[in-house]
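Letter by letter, the chains look like this.
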Amino acid sequence: FLTDILPTGYMGAELAEVSPGDTVVVFGCGPVGTFAQMSAFLRGAARVIAVDLDDERLARARARGCETVNSSRENLGERVLAWTDGIGADASIEAVGRSELITQAAMVTRPGGRIAVIGVLTEATATLPWFLFFMKNLSLRTGLVNPQCFIPRLLPLIEQGRLAPTVIISHRLPLSDGPRGYDVFAHHKENVLKVVLQP
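Each value, and the rule that gives it
- Residues numbered from 1 in each chain as written.
- Predicted model: local features only at pLDDT ≥ 70, side-chain atom pairs only at ≥ 80, totals over all residues.
- Heavy atoms only, no water.
- Helix = DSSP H or I, 4+ residues; strand = E, 2+ residues; numbered from the N terminus.
- Buried < 20%, exposed > 50% of the residue type's maximum accessible area, 1.4 Å probe, protein only.
- Contact = heavy atoms within 4.5 Å.
- Areas by Shrake-Rupley, 256 points an atom, 1.4 Å probe, with all protein chains shown as cover.
- Core = buried A, V, L, I, M, F, W, Y, C linked by side-chain atoms within 4.5 Å.
- Pairing = 2+ DSSP bridges.
- Axes fitted to C-alpha atoms, helices over the stretch in contact; angles between N-to-C directions.
- Arc of directions from axis to C-beta.
- Polar contact = N/O pair within 3.5 Å; in protein donor to acceptor, adjacent residues only side chain to side chain.
- Phe/Tyr/Trp six-rings, centres within 6.5 Å; stacked < 30°, edge-to-face > 60°.
- Right-handed = clockwise from strand over helix to strand, strands pointing away.
- Parallel < 35°, antiparallel > 145°, perpendicular 65-115°, else oblique.
- Nonpolar A, V, L, I, M, F, W, Y, C, P; charged D, E, K, R; others polar.

Draft legend 1. Summary view of the overall build of the protein. Scanning the protein from N- to C-terminus turns up 8 helices and 8 strands. Projected onto the principal axes, the alpha-carbon positions of the protein cover approximately 55 × 35 × 35 Å. For the protein, the proportion of its 199 residues judged to be buried stands at 48%. For the protein, contacts bridging at least 24 residues in sequence account for 62% of all contacts bridging at least 6. Just so you have it, the protein exposes about 9,700 Å², and 56% of that area is on carbon and sulfur atoms.

See the structure below:
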């Protein structure tokens, strides 16, 4: 996990400049989003709001101390404003890779807030609400993780028990069950979060 998804999640919290006392919205409760949530708490966030469409993944996020919103059934903007006394989140992290979620992040982040995009956008161009970014003085940071920069910082936290990346493992399967593991993960079956194949 230290070669990709954990450093990516931590980088999201770092790019969003998560600081003690912050309210942070994380879009996505998959492996990277989960690590972004954990990293936001690690950096001192007072409240992490996890957003997803999968109720089982949202339940996992609640168990980790997040407040949750299923944005297919609830108005995300109204919930964030209610939780922040009408101010908005200090920071948002997009960990899915969809441009419309960047727009949602801009809507729920307070004036002067920060947005980090760590989800991989596969579209060649993305239409974003630049006027909203401009009027709210929002900052947007993104990039591809360089794990070697984060391993020396994250490994001691794991060794000291302050960060437990194995909490995302939901399935351990023999290598011979690899095709089934990929199918389970790709189609969100069996309350999956992360499949580990063991030789």
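Draft legend 2. Layout of the nonpolar core. Ranked by size, the top nonpolar core spans 35 residues in total, and within it Val18, Val24, Ile93, Ile118 and Leu154 carry the most contacts. Breaking this core down by element, the ones donating at least two residues are α1 (5-15), β1 (23-27), α2 (31-42), β2 (47-52), α3 (55-63), β4 (89-94) and α7 (147-159). For this core, the element with the most residues is α1, which contributes 6 residues. In terms of nonpolar packing, the next biggest core, distinct from the first, is built from 18 residues, Val80, Ala105, Leu128 and Leu138 among them.

Draft legend 3. Up close: the sheet that holds strand β5 (residues 109-117). If you trace the 6 strands from one edge of the open sheet to the other, you get β3-β2-β1-β4-β5-β6, paired in parallel fashion. Each of the sheet's edge strands pairs with one partner strand only, and the pair in question is β3 (67-70) and β6 (139-142). Geometrically, the sheet is characterised by an average inter-axis angle of 20° between neighbouring strands, direction not taken into account. Both β4 and β5 contribute to a ladder of 5 bridges, which runs parallel. Bridged to serine 92 within β5 is isoleucine 115. In this fold α1 packs onto β4, β5 and β6, with an angle of close to 155° to the strand it touches most, β6.

Draft legend 4. Fine view of α3. Within the span of α3, buried status applies to Arg57, Leu58 and Ala61. The buried residues of α3 occupy an angular sector of 100° when the element is viewed end-on, so they sit on one face. For α3, the secondary structure elements touched by its buried residues are α2, β2, β3 and α8 (178-186). Capping the start of α3, aspartate 54 holds a side-chain oxygen 2.9 Å from the backbone nitrogen of glutamate 56, two or three residues further along.

Draft legend 5. View of the packing of aromatic side chains. Inspection of the entire model under this criterion finds 3 aromatic pairs. With a centroid separation of 6.0 Å and an interplanar angle of 65°, the aromatic rings of tyrosine 10 and phenylalanine 150 are classed as edge-to-face. Separated by 140 residues along the polypeptide, tyrosine 10 in helix α1 and phenylalanine 150 in helix α7 bring together distant segments of the chain. Comparing tyrosine 10 with phenylalanine 150, the two get one shared label, buried. For the ring pair tryptophan 130 and phenylalanine 133, a centre distance of 5.4 Å and an interplane angle of 40° mean the geometry is tilted. Of this pair, tryptophan 130 and phenylalanine 133 both sit in helix α6 (residues 130-135), separated by 3 residues, roughly a single helical turn. Taking the relative accessible area as the measure of exposure, tryptophan 130 reaches 52% and is therefore exposed.

Draft legend 6. The pairing of β3, seen in detail. Relative to β3, β2 is paired through 4 bridges, and the arrangement is parallel. Bridging from a neighbouring strand, valine 51 pairs with valine 69 of β3. In the classification by handedness, the crossover that spans β2, the intervening α3 and the parallel β3 is right-handed.

Draft legend 7. Main features of the packing of α1 against α7. Orientation of α1 relative to α7, taken along the N-to-C sense of each, is 95°, at an axis distance of 10 Å. Here α1 lies roughly perpendicular to α7, going by the angle between them. Contact with α1, carried on its side by Leu6, Pro7, Tyr10, Met11 and Glu14, involves Pro147, Phe150, Arg153, Leu154 and Ile158 of α7 and no other residues of that element. Along the lines of polarity and charge, the residues of the contact of α1 with α7 split into 8 nonpolar, no polar and 2 charged.

Draft legend 8. The environment of isoleucine 168, seen in detail. With respect to the element layout, isoleucine 168 can be found in the loop between α7 and β7 (171-174). Taking the relative accessible area as the measure of exposure, isoleucine 168 reaches 0% and is therefore buried. Residues isoleucine 168 and threonine 103 lie 65 residues apart in sequence; the distance between their C-alpha atoms is 28 Å. Not counting chain neighbours up to four residues away, the residues in contact with isoleucine 168 comprise Phe1, Ile5, Pro31, Thr34, Phe35, Leu193 and Lys194.

Functional significance is not addressed by these values, which are geometric in nature.
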